[in-house]
Amino acid sequence: MSQSRDFDSYAAMDKPRINVTPPGPKAKKLITEEEAITNPVYGRDTGLVVEKATGVWVEDPDGNRFLDCTSGIGVTNVGHSQPSVTEAVRKQADRFLHFCGADFYYDVQTELQRKLMAVVPVDEPVVFFTNSGAESTEAAMKITRYHRRRPRYMALRDSFHGRTFGAMSMTASKSVQRKNFAPLVPEVTHVPNPYCYRCPLREKYPSCGIACVDVIEEYFDTICPASEVAGFFAEPIQGEGGYIVPPPEYFPKLKALLAKHDIPLVMDEVQAGNGRTGKMFASEHWGIRPDVLYTAKGLGAGMPIGAMISSRKITDWKAGAHANTYGGNPVACSAALASMELLSGGLVNNAAVMGKVFLNGLRELQQKHERIGDVRGKGLMLAIEMVKAPNPGKGRLNCEMPLSKRL
């Protein structure tokens, strides 16, 4: 597939390049101009000015080339400006740029719904398109409340679900994201998260018996009646909270508890979804089928699109109960279709295979460097946790390993 660009080809771009100490003069000029007018809420702190990006590489105006370890903050799962994605965008742009998918019909939206329905781990899935992760959170909050007619929600500590008012009310990762915005959406109860390395309950895995699920029953008996909970929101792997991977028993046990009280399980796969963990959706690692699953970020390969996918059994809201203007935009849908084709065509499997190589390498480093406290992750969603004091537990239990390997 031919594609005109003055940037180096994918094949030639195999290493970083520093022409001048970054930020260079051209980058500094743009930064100075931007900082004179920028909104103070933006948290830019890297000094990176993006001039071009392709594959895994980013180039600044001074010709410096960087390996993008941020993936466009979790968005470019198939790489920057991937040729088949940009070609799909171009073709759709030539057809038409926009029609409101909530009011009219067009083929690319229907096709993307079918593709998602075929791979998402939700029984009898129904798709609602959004523009972002936060908007997907809001849609999930609305559908669960509409279905259950209940006023409360539950979520995990250290969670991140977005920064609009409803999503911010679910978020519990940094106080700066909530400070000065109260009152938020009321009756959101945050419960201890399955963070085995720094257990909030001061327990030890596996002898804990997954106490972070058991304690939810205490919340039901004290401050958050189960009969009033519309939905339980969780990231399968907490992103901003620190790439927290739960022990293998956590989500099956949680799902059983919620089913006992007829509480929908809502999985936020905005960051963990779309192949990043070596599965199309991270929920698959634990063999669970959430009642609602939503995603965004990597879905559109750089184009703004999200999807809230709910089980047919709880999708009982009526026409007009929720809608948007740009959700399922035809250009974004086309990008998502191309992205999903790449993911299913080998990139998801590649994330699984290379993730194991990467994870093993990081664990070898952990044995050599006493300030690496923890190594964790799934697929290529990986993290190391650094500690200020030397790590005394080189043989520490790791909740991701099979029990036979831990003992």
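This structure is a prediction, so every number in the text was calculated from the model and none was measured. (Residues numbered from 1 in each chain as written. Predicted model: local features only at pLDDT ≥ 70, side-chain atom pairs only at ≥ 80, totals over all residues. Heavy atoms only, no water.)

## Thoughts on the sheet that holds strand S10 (residues 306–311)
How we decide: Two strands form a pair only when DSSP identifies at least two bridges running between them. Secondary structure elements follow DSSP: runs of H or I of four or more residues count as helices, runs of E of two or more count as strands, with numbering from the N terminus. Only the stretch in contact is used when fitting a helix axis, every axis being a line fitted to C-alpha atoms; angles between N-to-C directions are given from 0 to 180 degrees.
Spatial ordering of the open sheet is given by S4-S10-S9-S8-S7-S5-S6, a layout of 7 strands whose pairing is mixed. Two strands lie at the open edges of the sheet, namely strand S4 (125–130) and strand S6 (188–191), each paired on one side alone. Direction aside, the axes of adjacent strands within the sheet are offset by 20° on average. As defined by bridge partners, strand S7 (residues 229–234) adjoins strand S8 (residues 265–268) across 3 bridges and the pair is classed as parallel.

## A few points about the packing of helix H4 (residues 107–119) against helix H9 (residues 330–368)
Rules: The crossing is said to be left-handed when, going from far helix to near helix, the turn is anticlockwise and less than a right angle, and right-handed when the turn is clockwise. By the convention used here, residues are in contact when the closest approach between their heavy atoms is within 4.5 Å. Under the scheme applied here, ten amino acids are nonpolar (Ala, Val, Leu, Ile, Met, Phe, Trp, Tyr, Cys and Pro), four are charged (Asp, Glu, Lys and Arg), and all others, including Gly, are polar.
Direction vectors running N to C along H4 and H9 enclose 35°, while the axes themselves pass 9 Å from each other. Here the hand of the crossing between H4 and H9 comes out left-handed. The segment H4 lies against H9, with Val108, Gln109, Glu111, Leu112, Lys115, Leu116 and Val119 engaging Pro330, Cys333, Ser334, Ala336, Leu337, Met340 and Glu341. Here the residues of the contact of H4 with H9 sort into 9 nonpolar, 2 polar and 3 charged.

## A short note on the confidence of the model for the protein chain
Where we set the bar: Every residue is assigned a pLDDT by the predictor, reflecting its confidence on a scale from 0 to 100.
Across the protein chain, the average pLDDT comes to 93, with 93% of residues at or above 70. For the stretch residues 401–407, pLDDT sits under 50, and the model shows 8 contacts to residues farther than four places along the chain or on other chains.

## A closer look at unusual backbone geometry
Using the following cut-off: Under the scheme applied here, a residue whose accessible area is under 20% of the maximum for its type counts as buried, over 50% as exposed, and between as partly exposed, the area being computed with a 1.4 Å probe on protein chains only.
Cis geometry is adopted by the peptide bond preceding Pro23, which originates at Pro22 and carries an omega value of -10°. Locating Pro23 in the fold gives a position in the segment before helix H1 (25–35). Along the chain, Tyr205 connects to Pro206 via a cis peptide bond; the corresponding omega equals 10°. Of note, Glu187 is a non-glycine position whose phi angle comes to about 65°, a positive value. Its relative accessible area of 40% is what places Glu187 among the partly exposed residues. Within the chain, Lys297 stands out as a residue other than glycine whose phi angle is a positive 35°.

## Here we look at the nonpolar core
Considering soluble globular proteins, one finds that nonpolar side chains tend to be buried as a cluster. Put simply, the rule is: Think of a nonpolar core as a cluster: buried Ala, Val, Leu, Ile, Met, Phe, Trp, Tyr and Cys residues, connected wherever their side-chain atoms sit within 4.5 Å.
Core analysis: the biggest nonpolar cluster contains 35 residues, and Met154, Ile216, Phe220, Phe232, Tyr250, Phe251 and Leu254 have the highest contact counts within it. Within the residue set of this core, elements represented by two or more residues are strand S5 (152–156), helix H7 (211–222), S7, helix H8 (250–260), S8 and strand S12 (381–386). A per-element tally of this core places H7 first, with 7 residues. Not counting chain neighbours up to four residues away, the residues in contact with Met154 comprise Thr189, Val191, Ile216, Tyr219, Phe220, Cys224, Val229, Gly231, Phe232 and Phe233. If you look at the next biggest cluster of nonpolar residues, it comprises 28 residues, including Leu112, Val122, Met280 and Ala332.

## Things to note about H9
Note the cut-off: A residue's bend is simply the angle between two axes: one fitted to the seven residues ending at it, one to the seven starting at it. Throughout this description, a polar contact denotes any pair of N or O atoms lying within 3.5 Å of each other; where both atoms belong to protein, one of them has to be capable of donating a hydrogen while the other can accept it, and for residues adjacent in sequence the pair is counted only when both atoms sit in side chains.
Most pronounced at Ser344, the bend in H9 amounts to some 60°. With a side-chain oxygen positioned 2.9 Å from the backbone nitrogen of Val331, the residue opening H9 is Asn329.

## Looking at the packing of helix H3 (residues 83–95) against H9
Defined as follows: Oblique is the label for any angle not under 35 degrees, not over 145, and not in the 65 to 115 range, which are roughly parallel, roughly antiparallel and roughly perpendicular in turn.
At a minimum axis distance of 8 Å, the contact between H3 and H9 shows a crossing angle of 150°. The pairing of H3 with H9 is recorded here as roughly antiparallel in orientation. Two packed elements cross with a definite hand, and for H3 against H9 that hand is right-handed. Residues Ser84, Val85, Ala88, Val89, Gln92 and Ala93 of H3 form the contact with H9, whose participating residues are Pro330, Val331, Ser334, Ala335, Ala338, Ser339 and Leu342. Grouping the amino acids of the contact of H3 with H9 by side-chain chemistry returns 9 nonpolar, 4 polar and no charged.

## Here we look at the pairing of strand S9 (residues 292–295)
Put simply, side chains in a regular strand alternate between the two faces of the sheet. A two-sided burial pattern is seen for S9, the buried positions comprising Val292 and Tyr294 on one face and Leu293 and Thr295 on the other. Bridge count between S8 and S9: 3 bridges; the pairing is parallel. Bridge pairing in S9 links Met267 to Leu293. As paired elements, S9 and S10 share 4 bridges and run antiparallel to each other. Paired with Thr295 across the strands is Ala307, a residue of S10.

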